[in-house]
Amino acid sequence: ESLKYLVLESNRFNGTVDVLESMKKLTVLLIRSNSFSGALPYGLFSETSDNDNVAVDIGDNKFTDVLPSSFANMSNLVSLIGAKN
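Values in this document were obtained by computation on a predicted structure and should not be read as measured data.

Student: Describe the overall build of the chain, naming the residues involved and giving the relevant values.
Tutor: For the chain, the helix and strand inventory stands at 0 helices and 7 strands. Ordered by position in the sequence, the α and β elements of the chain form the string β-β-β-β-β-β-β. The C-alpha atoms of the chain give a radius of gyration of 12 Å, which matches the 12 Å a tight globule of 85 residues would have. Each principal axis of the C-alpha atoms in the chain carries an extent, and together these give about 30 × 25 × 20 Å. Within the chain, buried positions represent 34% of all 85 residues. Within the chain, contacts between residues at least 6 apart in sequence are counted, and of these 48% link residues at least 24 apart. Roughly 5100 Å² of accessible area belongs to the chain as shown, and the carbon and sulfur atoms make up 48% of that amount. Taking the average place of the 7 positive charges on the side chains of the chain and the average place of its 10 negative ones, the gap between the two points comes to 7 Å.

Right under this line is the structure:
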């Protein structure tokens, strides 16, 4: 079974989040209030079931790239917070 929930809010983590590329079945990604930078991996959420609602909070970090285009086709994306990047 793959990781489905990743909550790392309000820490002092920094750097890129390339490791998320292998977490294709995530349904909850809460990494607000850190110092992550770069871009979100394209394959993120790519194997999430259409029956699973997806919630993402990447606010208050240092991301500099656009969201992966795959986000536009996610019918199960119920929450996306990306303020303060």
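From this point, the discussion proceeds with the structure in view.
Student: A description of the sheet that holds strand β6 (residues 62-63) should follow, citing residues and the corresponding values.
Tutor: Reading across from one edge, β2-β4-β6 is the order of the 3 strands in this open sheet, with parallel pairing throughout. The sheet is open, and its two borders are formed by β2 (14-15) and β6, each paired with just one other strand. The pairing of strand β4 (residues 35-38) with β6 spans 2 bridges and is classified as parallel. Of the residues in β6, the one forming a bridge with Gly38 is Phe63.

Criteria and cut-off values
Residues numbered from 1 in each chain as written. Predicted model: local features only at pLDDT ≥ 70, side-chain atom pairs only at ≥ 80, totals over all residues. Heavy atoms only, no water. Helix = DSSP H or I, 4+ residues; strand = E, 2+ residues; numbered from the N terminus. Rg over C-alpha atoms; globule rule 2.2 N^0.38 Å. Buried < 20%, exposed > 50% of the residue type's maximum accessible area, 1.4 Å probe, protein only. Contact = heavy atoms within 4.5 Å. Areas by Shrake-Rupley, 256 points an atom, 1.4 Å probe, with all protein chains shown as cover. Lys, Arg positive; Asp, Glu negative; His and termini not counted. Charge placed at Lys NZ, Arg CZ, Asp CG, Glu CD. Pairing = 2+ DSSP bridges.

Nothing here speaks to function; it is all geometry.
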